[in-house]
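Below are the chains, spelled out letter by letter.
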Amino acid sequence: SQYMFNMFSINPAYAGSRQSASGVLLYRDQWVGMRGSPKVQSFSFHTPVTAKRTAFGLNMVKDHLGPSRKLGIFGTYAYHLPMPVGKLSMSLRGGVYRYRLFSDRLDFKESSDPAGDVDNIFMIPAFDFGLYYYTQSFYAGISALHLTNDQSGFKNDDYVFTGILRQFIAVAGKAFVLSDYLVFKPSCNLRYASGQPLNADLNM
């Protein structure tokens, strides 16, 4: 929901598009006061390499949701190709998630449920790919996140713990200069993950 403030978090090809070093620190706390409420902390930094078309970046994210904790660290490489109008950036990001599930915070119908005995810490590799086209006033991008679509944990006929789902994201936006002091910037974000309905955000 805060992608417009940190495009780099959902598309690695955004790295270097600001033409200068850029860092973003975000904290989000939903449903304040409720036990197990979602909390997200993220830090991202990216910078172009002087006199070259390449850029590098770093992402760190910490996610709390109910009985689960997720910590991720990623590095990014991007290449910017000049076009007749604007530039096209191509990028690959790689890193690892440390996923922890606190089974003692779950209530099972049966105390003998084997899911309660699962090894609760998983290291999950993750790789992302992105394309990002941009001009002075327009941008559009597509990205494929969590390409490994990793499933980790306890598995039997009744239970599968899915660690990280593969996700596809498309974004686009344009800035309209209305005056010297006012810019109108509508944008959209379409997201799809395996087994989940299409999600759309429209913003202005």
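Here the structure is shown first, and the text comes after it.
Residues numbered from 1 in each chain as written. Predicted model: local features only at pLDDT ≥ 70, side-chain atom pairs only at ≥ 80, totals over all residues. Heavy atoms only, no water.

S.K.: Would you explain the overall build of the protein chain in this entry?
M.R.: Broken down by element type, the protein chain carries 0 helices and 14 strands. When the helices and strands of the protein chain are placed in sequence order, the string is β-β-β-β-β-β-β-β-β-β-β-β-β-β. Looking at the protein chain as a whole, 32% of its 204 residues are labelled buried. Within the protein chain, contacts between residues at least 6 apart in sequence are counted, and of these 49% link residues at least 24 apart. Accessible area of the protein chain: about 12300 Å², with a carbon and sulfur share of 59%. (Helix = DSSP H or I, 4+ residues; strand = E, 2+ residues; numbered from the N terminus. Buried < 20%, exposed > 50% of the residue type's maximum accessible area, 1.4 Å probe, protein only. Contact = heavy atoms within 4.5 Å. Areas by Shrake-Rupley, 256 points an atom, 1.4 Å probe, with all protein chains shown as cover.)

S.K.: Can you walk me through the pairing of strand β10 (residues 167–174) in this structure?
M.R.: Two faces make up the sheet, and in a regular strand the side chains alternate between them. Here strand β7 (residues 138–145) runs beside β10; their pairing, made up of 8 bridges, is antiparallel. Counted as the bridge partner of Leu-145 is Gln-167 from β10. (Pairing = 2+ DSSP bridges.)

S.K.: What exactly am I supposed to notice about the packing of aromatic side chains here?
M.R.: Here a ring pair, both rings aromatic, is described through the centre-centre distance and the interplanar angle of the planes. Tallying each qualifying case throughout the model produces 7 aromatic pairs. Through a chain of ring-to-ring contacts, three or more aromatic side chains come together here, namely Tyr-14, Tyr-132, Tyr-134 and Tyr-139. We note Lys-174 situated over the ring of Phe-176; from NZ or CZ to the ring centre the distance is 5.5 Å. (Phe/Tyr/Trp six-rings, centres within 6.5 Å; stacked < 30°, edge-to-face > 60°. Lys NZ or Arg CZ within 6 Å of the ring centre and 35° of its normal.)

S.K.: I would appreciate a short explanation of the sheet that holds strand β6 (residues 121–134) in the present structure.
M.R.: Whenever strands of a sheet pair, they do so through backbone hydrogen bonds, lying parallel or antiparallel. Across the sheet, 10 strands lie side by side as β1-β2-β3-β4-β5-β6-β7-β10-β13-β14; this open sheet has antiparallel pairing. Pairing within the sheet leaves two strands with one partner each, and these edge strands are β1 (22–29) and β14 (199–203). Strand-to-strand twist in this sheet, taken as the mean axis angle between neighbours without regard to direction, amounts to 10 degrees. Here strand β2 (residues 39–48) runs beside strand β3 (residues 54–65); their pairing, made up of 10 bridges, is antiparallel. (Axes fitted to C-alpha atoms, helices over the stretch in contact; angles between N-to-C directions.)

S.K.: Even after reading the chapter, I still don't get the side chain of Ser-187, so can you show me in this structure?
M.R.: On the secondary structure map, Ser-187 appears in strand β13 (residues 187–193). Owing to a relative accessible area of 11%, Ser-187 belongs among the buried residues under this scheme. A polar contact is formed between the side chain of Ser-187 and the side chain of Tyr-3, at a distance of 3.0 Å. (Polar contact = N/O pair within 3.5 Å; in protein donor to acceptor, adjacent residues only side chain to side chain.)

S.K.: What is the right way to look at the pattern of salt bridges in this model?
M.R.: Pairing between side chains becomes possible if they bear opposite charge and their charged atoms approach one another. One pass over the structure, following the stated rule, counts 3 salt bridges. For Arg-93, the salt bridge is made with Asp-128, and the minimal N-O distance between the two is 3.0 Å. Here Arg-93 is found in strand β5 (residues 87–101), whereas its partner Asp-128 is found in strand β6, with 35 residues between them in sequence. You can call Arg-93 buried: its relative accessible area is 3%. Looking at Asp-128, the relative accessible area reads 5%, which means it is buried. For Arg-191, the salt bridge is made with Asp-201, and the minimal N-O distance between the two is 3.0 Å. Residue Arg-191 is located in strand β13, and its partner Asp-201 is located in strand β14; the two are separated by 10 residues in the primary sequence. (Salt bridge = Lys/Arg side-chain N within 4 Å of Asp/Glu carboxyl O.)

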